[in-house]
Every structure is written in C-alpha cells, then in structure tokens.
Amino acid sequence: MKQQVLVLYLNTSALDSEVLAWAFYDGTGKTNPTTGDSDLPPYDSGTEALRDGWRLFQAAQLIPPYPGHEYQTSFLKHEFWFEKLE
Amino acid sequence: MARFVANGFHRMDAIVPADLNEEAIGIFEAGLPGVPYGTPVEQAYEPGSFTRRLLEIPAIAGAVRSLVGADPTVDHHAIHIREPHEGSAQPLHGDAIIDTRIDAFDVQLMYYPQEVTGTMGGTLSVPGSHLRRTNESDTGRYQNLRGQTRLTCPPGTVVLLHHGIWHGGRRNDSDIRRYMYKIRFNPTVPQVRTWDVSDLDDPQVAAELNRYFPWCEHATGRLEIYNRVMMWRALTNNPQFDVEYWATRVANRPGRV
C-alpha cells in the first residue's frame, strides 16, 4: 500500500470552511506535483475532500498568540492533513 | 506606494527597450562579476555598463528611488537561470533570513529580458505575503495558494519586490532557458516620504491598504491590514493614520499612560 498525502489550508479552524492553499504529495509515483503547478484548488472545502474519500489524520491546533505578538502574522494557521492509500 | 505596501511588489511590463533585452542574454550567459555587499550603486556599476543603463531607465530609476530613497547600496546581485525540463521548482521562500523591519525595507529588482510563457517557470509569488514573519524556505510546504501569481510577461519586464515576499522559481517545462537578473537594494536614508506625496489624503490610499487577499485567512487578513497601517504610519511619519479604526481601537486606553 502506498500513501498519497493532501494538505489543505482553510479559511477558519472549521473543516467545512473554504480552501485557501494546498499541497499534494504522491507516494504512488503516478504524478509529480511541485510548487506553483496549479491555480485551482482540488476541493473547495475540507469536507468536500472527505466526501471524495480522503481520510483526515491531522488538524492544526488552536494556539493562542504569544503575549506581545498578538498582531504579528506568520504561517498559514488552519492546516489539515489527509491521506489515501493505494 | 500604498499599493506596494499592500501587495509587496510593483510590476512594470515591457519597460526595458528591445536592444537592451537582446544584449542582456549574452551578458547573462557570460556572467557578471559579483558586487561586494553594501556597495553604492554608482560604484557597483560603471557609467555605460549594462546594469547602469538598465537602472537609468527613467521608470526604473524613479520607482527604485521612490521605494528605497536616494543613494541606495547594492546588497548583492545574481543571475538566475531555470534550465529547460529541470524537473522541480524552488520551494516557496523569502530571501535572506527572517526580517522583521516594519519601518525600513529592502527592494529586490527582478528583470526578465525575454518573453516568459506559462511553461517557462516564471517566478511564483504571493501578493501580500511580505509582512508574514517566516524564515526563508520554512514555507516550502505550501505548493499553491489562491491568488498566487505565476509570472508570465513580455520581454523587458521588471518587478520590484519587498524583501519579505514569498516567492520561488517555478519548474521550467519548456525547451527554453529562462533568465532573470536580480539586484537587492538597501536603503541608506530614512524611508519617509521618499515618493510623490501630493495625494496622501486621497481616499484611494486607505482603499489600497484595506485589501484582502484570496490566500489569506479572513481573520488574519485583518491583522495584515493592521500591520500595513503600522508600515504606512512609519513611511509617512503620520502616527494617527488608520484604516477602519483597526489600530486606533486597540490602542485606546483612556486615563492610562
């Protein structure tokens, strides 16, 4: 069995919110995804990926901002990891 | 300038004349000598040299002066080549190291002497990402973002970027070598009102700074506007400036010092 991994970055911490960014890693070797290879996300929301058979295995924690750094921005916040096995 | 503060870049299509673009390819194939860090532009590039003529194009000279002010130094320069069918893209990254300056910034000039088509690996960049505090390629996990720019352009296009913008050379799936010449400029004067400020009170200034980008979480997008307000206050020396009351509201502490 080989693993395909899909990472979706959502608009809020809710799994049914809109996809803002994405990445795909293909352990089957059938495709060769890379940075900047598409302008259209594979799904519009996290739940749409679930309906298509992707299994969620990790979601970003909700971590309060560090005191004194409440207005700073950094990485995308709402990261969800999915897999399919072939 | 307000649009630059929001987007993190200023793009000028086909601003370099054809004869200079044709000359550029041979020069880039031969290579350019390095420039020591912190060399004034006038010392880095002899009068009449290719780079000096490039930087003397009025629209480029004016834009660089507006952004970094008078007498910038050259941090470094480099020729970037994406080889045909090279197989992979650069990870999404910001250049140098994490850079938290809000009241000063470096500008990176990217010059494309040839037409860049969709398959030639034109630079990927993420408008509005420049104020995110991330270090170099720690963002490499992100492959694609809504609203990203996959550069295609006519010959002679120049893009001026804020130092923090997320970007990367894309995979070149064509049969053509793709060239890009990058120069990083450091300011040597305070970046305060270094551009034509006759329209500072125009409502369009706040409208530009109030922009939301498709890749950015809605909640974090409000913080992005807050940070642009802080940058605009520094660039204009106006500590009262605000957009939608974001910065004023959270600083209001009546009776406290």
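Residues numbered from 1 in each chain as written. Chains lettered and ligands numbered in written order. Predicted model: local features only at pLDDT ≥ 70, side-chain atom pairs only at ≥ 80, totals over all residues.

Undergrad: Account for the overall build of chain B, with residues named and values stated.
TA: In terms of helices and strands, chain B carries eight helices and 10 strands. A compact globule built from 257 residues would reach a C-alpha radius of gyration of about 18 Å, and chain B, at 19 Å, matches this within 12%. Overall, the C-alpha framework of chain B stretches about 65 × 40 × 30 Å when taken along its three principal axes. Within chain B, the fraction of its 257 residues that count as buried is 40%. (Helix = DSSP H or I, 4+ residues; strand = E, 2+ residues; numbered from the N terminus. Rg over C-alpha atoms; globule rule 2.2 N^0.38 Å. Buried ≥ 20, exposed ≤ 12 C-beta atoms within 10 Å, placed from the backbone.)

Undergrad: Describe in detail the pairing of strand 4 (residues 107-112) of chain B, supporting the description with residues and values.
TA: The two faces of a sheet get side chains in turn, since along a regular strand they alternate between them. Residue and element names in this part refer to chain B. With six of six residues buried, strand 4 lies mostly within the body of the structure. Side chains Val-107, Leu-109 and Tyr-111 project from strand 4 onto one buried face, and the interleaved Gln-108, Met-110 and Tyr-112 project onto a second face that is buried too. As defined by bridge partners, strand 4 adjoins strand 8 (residues 157-162) across six bridges and the pair is classed as antiparallel. Within the sheet, the bridge partner assigned to Leu-109 lies in strand 8 and is Leu-160. Note: strand 4 against strand 10 (residues 178-186), five bridges, orientation antiparallel. Directly across from Met-110, in strand 10, lies its bridge partner Lys-182. (Pairing = 2+ DSSP bridges.)

Undergrad: Tell me about the nonpolar core, residues and numbers included.
TA: Grouped together as the largest cluster of nonpolar side chains are 69 residues, with contacts concentrated most on Leu-8 of chain A together with Val-107, Tyr-111 and Leu-160 of chain B. Looking at this core element by element, the count peaks at six residues for helix 7 (residues 218-236) of chain B. Taken domain by domain, this core gets at least three of its residues from each of domain 1 (2-186) and domain 2 (203-249) of chain B. Look past the residues within four positions of Val-107 of chain B in its chain and what remains in contact with it is Val-64, Leu-67, Val-68, Leu-160, Leu-161, His-162 and Phe-185 of chain B. (Core = buried A, V, L, I, M, F, W, Y, C linked by C-beta atoms within 7 Å. Domains from an automatic or database assignment. Contact = placed C-beta atoms within 7 Å.)

Undergrad: Could you give an account of the sheet that holds strand 5 (residues 124-125) of chain B, with specific residues and numbers?
TA: All names here are of chain B. Taken together, three strands build an open sheet; the order of strands is 7-5-9 and the sheet is antiparallel. In this open sheet, the two strands that pair with only one neighbour each are strand 7 (149-150) and strand 9 (167-168). Alignment of strand 5 against strand 7, held across two bridges, turns out to be antiparallel. Pairing of Leu-124 across the sheet is with Arg-150, part of strand 7.

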